[in-house]
Amino acid sequence: MRARLLLGIAVAAAAVPCAAQVEAGRALFADPRKGNCLACHQVPEGAGPASRADVGPRLDGARLKGWDAPRLRALLDDPQRVDPDTVKPPYGKHRILDPMEIDRIVEYLRALP
Amino acid sequence: MRFPEPLLAAILVLAAPAAFAGAEQVRSALATRLQATHPDLGPSELVLGPAAFDTALRDRPEWQSPAPGSAEVLAAGKAIWTRKFRNGRTLAQCFPNGGRRIAASYPQLDAKSRRVVTLETAVNQCLKSHGEALLDPADPATMGAVLAYLRSLSPGQKITVRPANALAEERFEQGRRLYFTRMGQQNHACATCHLQLAGRRYGDTPLPSAFGQAAGWPWLRGGKAVTLQMQARSCLERMGAAPFPAGSDELAQVEYFLTAISQGYALRPNGGRAALP
């Protein structure tokens, strides 16, 4: 019983990203040599550096509602599998970001207000 | 992100290898799409590049033509243009009118070699024929400067490049294919930014349209003269692609395509551009 409880707590803790992971994702999102996402997207005030970019849609909690982690991960890995006409870079497929870096950005995106 | 307009479908059909319909039809289709999305912009605005889409940029001194700092570049280019070869000849003597009012007719096609002859090619052909060392097409301080000066001798001249035979159509088509081919880590084509997304802000700056670029170069960026081919190589690097070699046939074909779609645009060389981050 105790073991099950501990396992449940561990699973729940793993599912909720900690602040440090979200912050790491935010840094990767903004880094021009990594995600460079601010070149194309805006995020809510306070959630990241201000940008006037409008190549891609503004990203916020409302826009990303319904985008769970696996779906976001798949989009960042190879967006042409989702939309053949997309201009979003294939971050995973072309090794712009490694899987852990993609996870950090997914956690940051899911934490956007 | 998907293209919203039905016109995109027509453009992509034109971009498909099997569907090439002729240079004029391609130019017309691309111009129609641009007109649909930016009906208020004509050649005199589009030649301004990013500033075409941002009126606040147009007033900044660094975006004017000629840009601040261009006097030094033009003086360096003139020195190369008029420098005497060991046989007493000069670059200026290789061109009609000493190079005045010729820039808007380049790139040209050489029927014998069947290659595109850019201004870079023409300058180096002159040097070679007189036994002089060639200029590096990737070097802003030499080739960039001399072309800045040469193009300054054709102010306001309208581009006359128009594919008019099978060879010209073939080179235009090769350039168009390269322009529409996705490449590099970013998986972008040149057309992604400069046709599909022209006018959208990438970071803080609007993406310039493909239309007008051939009339605007070289640009003064950080005090250096950047030719169209240098800019294309810089873009390819930023896309995570290995750039075509400086002076290559591929870059010449892309330049031919870009110049032909800007036929009738008046040259506005040596305008400023912000330094790239």
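Residues numbered from 1 in each chain as written. Chains lettered and ligands numbered in written order. Predicted model: local features only at pLDDT ≥ 70, side-chain atom pairs only at ≥ 80, totals over all residues. Heavy atoms only, no water.

(A) Main features of the overall build of chain B. Looking only at helices and strands, chain B features twelve helices and seven strands. At 18 Å, chain B has a C-alpha radius of gyration in line with the 19 Å of a compact globule built from 277 residues. Seen through its C-alpha atoms, chain B measures out along the principal axes to roughly 60 × 45 × 35 Å. Put simply, 70% of the contacts in chain B that link residues at least 6 apart link residues at least 24 apart. If you sum the accessible surface of chain B, you get close to 12,000 Å²; carbon and sulfur atoms cover 54% of it. Put simply, chain B has 31 plus and 21 minus side-chain charges, and the middle of one group is 3 Å from the middle of the other. (Helix = DSSP H or I, 4+ residues; strand = E, 2+ residues; numbered from the N terminus. Rg over C-alpha atoms; globule rule 2.2 N^0.38 Å. Contact = heavy atoms within 4.5 Å. Areas by Shrake-Rupley, 256 points an atom, 1.4 Å probe, with all protein chains shown as cover. Lys, Arg positive; Asp, Glu negative; His and termini not counted. Charge placed at Lys NZ, Arg CZ, Asp CG, Glu CD.)

(B) Fine view of the packing of helix α11 (residues 228-238) of chain B against helix α12 (residues 249-261) of chain B. Residues and elements named next belong to chain B. The geometry of α11 relative to α12 is characterised by a closest axis approach of 10 Å and an angle of 110 degrees between their N-to-C directions. It follows from the interaxial angle that α11 and α12 lie roughly perpendicular. Crossing geometry of α11 relative to α12 is assigned as right-handed. Contacts between α11 and α12 involve L228, Q229, A232 and R233 from the former and L251, A252, E255 and L258 from the latter. Looking at the contact of α11 with α12 residue by residue, the class counts come to five nonpolar, one polar and two charged. (Axes fitted to C-alpha atoms, helices over the stretch in contact; angles between N-to-C directions. Parallel < 35°, antiparallel > 145°, perpendicular 65-115°, else oblique. Left-handed = near helix turned anticlockwise from the far one by under 90°. Nonpolar A, V, L, I, M, F, W, Y, C, P; charged D, E, K, R; others polar.)

(C) Representation of the side chain of S262(B) in the model. Residues and elements named next belong to chain B. Its location among the elements puts S262 in the loop between α12 and β7 (271-273). Given a relative accessible area of 0%, S262 falls into the buried group. Those residues in contact with S262 that sit more than four places away from it in its chain are I159, A210, F211, G212, Q213 and A214. (Buried < 20%, exposed > 50% of the residue type's maximum accessible area, 1.4 Å probe, protein only.)

(D) Fine view of the interface of chain B and chain A. Counting residues at the interface gives 18 residues for chain B, matched by 22 residues for chain A. Taken over both partners, the interface formed by chain B and chain A buries close to 1,800 Å², and the fraction arising from carbon and sulfur atoms is 43%. The partner of R52(A) in a salt bridge is D204(B), and the shortest N-O contact between them spans 2.7 Å. For the pair chain B and chain A, the interface holds 13 residue pairs in polar contact (both at pLDDT 80 or more). Listing elements by their share of the side of chain B that touches chain A, those giving two or more residues are α9 (190-196) and β3 (201-202) of chain B. Here the side of chain B that touches chain A is built from residues that sort into four nonpolar, eight polar and six charged. (Buried area = accessible area lost by both parts, 1.4 Å probe. Salt bridge = Lys/Arg side-chain N within 4 Å of Asp/Glu carboxyl O. Polar contact = N/O pair within 3.5 Å; in protein donor to acceptor, adjacent residues only side chain to side chain.)

(E) Local environment of the packing of aromatic side chains. Residue and element names in this part refer to chain B. Scanning all chains against the criterion turns up five aromatic pairs over all chains. In this structure an aromatic cluster arises from ring pairing among F172, Y179, F180 and F257. Taking NZ or CZ as reference, R151 lies 3.9 Å from the ring centre of W217, over its face. (Phe/Tyr/Trp six-rings, centres within 6.5 Å; stacked < 30°, edge-to-face > 60°. Lys NZ or Arg CZ within 6 Å of the ring centre and 35° of its normal.)

(F) Fine view of the environment of A71(B). Mapped onto the secondary structure, A71(B) falls in helix α5 (residues 70-82). Given the relative accessible area of 54%, A71(B) is considered exposed.

(G) Structural context of helix α5 (residues 99-110) of chain A. Residues and elements named next belong to chain A. Across its twelve residues, α5 extends 16 Å between first and last C-alpha, which sits within 8% of the 16 Å expected from 1.5 Å per residue. Its buried side turned inward, α5 meets α2 (19-30) and α3 (69-77). N-cap assignment for α5: the residue whose side-chain oxygen lies 3.0 Å from the backbone N of M100 is D98. (Expected span 1.5 Å × (residues − 1).)

(H) View of the state of the cysteines. Scanning the entire structure with this criterion turns up one disulfide over all chains. The residue that forms a disulfide with C94(B) is C126(B), at a sulfur-sulfur distance of 2.0 Å. Taking the torsion about the sulfur-sulfur bond, which here is approximately 70 degrees, the covalent link between C94(B) and C126(B) counts as right-handed. Of this pair, C94(B) sits in the loop between α5 and β1 (108-110) while C126(B) is found in helix α6 (residues 119-129), placing the two residues 32 residues apart along the sequence. For C94(B), a relative accessible area of 32% translates into the label partly exposed. Left without a disulfide partner, C18(A) is nearest to the cysteine sulfur of C37(A), which lies 19 Å away. Judged by relative accessible area, C18(A) falls into the partly exposed class, the value being 40%. For C40(A), which is in no disulfide, the shortest distance to another cysteine sulfur is to C193(B) and amounts to 7.8 Å. (Disulfide = S-S within 2.5 Å.)

(I) Spatial organisation of the nonpolar core. Counting residues in hydrophobic clusters, the biggest one holds 77 residues, and the most contacted among them are W81(B), L91(B), V123(B), Y179(B) and F257(B). In terms of residues, this core owes the most to one element, α12(B), which gives eight residues. Those residues in contact with V123(B), other than ones at most four positions away along the chain, are W81(B), L91(B), F95(B), L135(B), M143(B) and L147(B). Core analysis: the second largest hydrophobic core is formed by 23 residues, A47(A), W67(A), I102(A) and Y108(A) among them. (Core = buried A, V, L, I, M, F, W, Y, C linked by side-chain atoms within 4.5 Å.)

(J) Representation of the packing of α6(B) against helix α7 (residues 140-152) of chain B in the model. Residues and elements named next belong to chain B. Close contact between α6 and α7 brings their axes to 11 Å; oriented N to C, the two are set at 105 degrees. In terms of axis orientation, α6 runs roughly perpendicular to α7. Taken together, the residues of α7 that come into contact with α6 (itself represented by L119, E120, V123 and N124) are M143, L147, L150 and R151. Residue composition of the contact of α6 with α7, grouped by class: five nonpolar, one polar and two charged.

(K) Inspection of the confidence of the model for chain B at higher detail. All names here are of chain B. In this model, chain B carries an average pLDDT of 92, and 92% of its residues clear a pLDDT of 70 or more. Throughout residues 1-14 the model reports pLDDT below 50, and contacts reaching past four residues in sequence, or to other chains, amount to 32 contacts. Per the prediction output, this complex has pTM 0.90; the corresponding ipTM is 0.84. (pLDDT = per-residue confidence, 0-100.)

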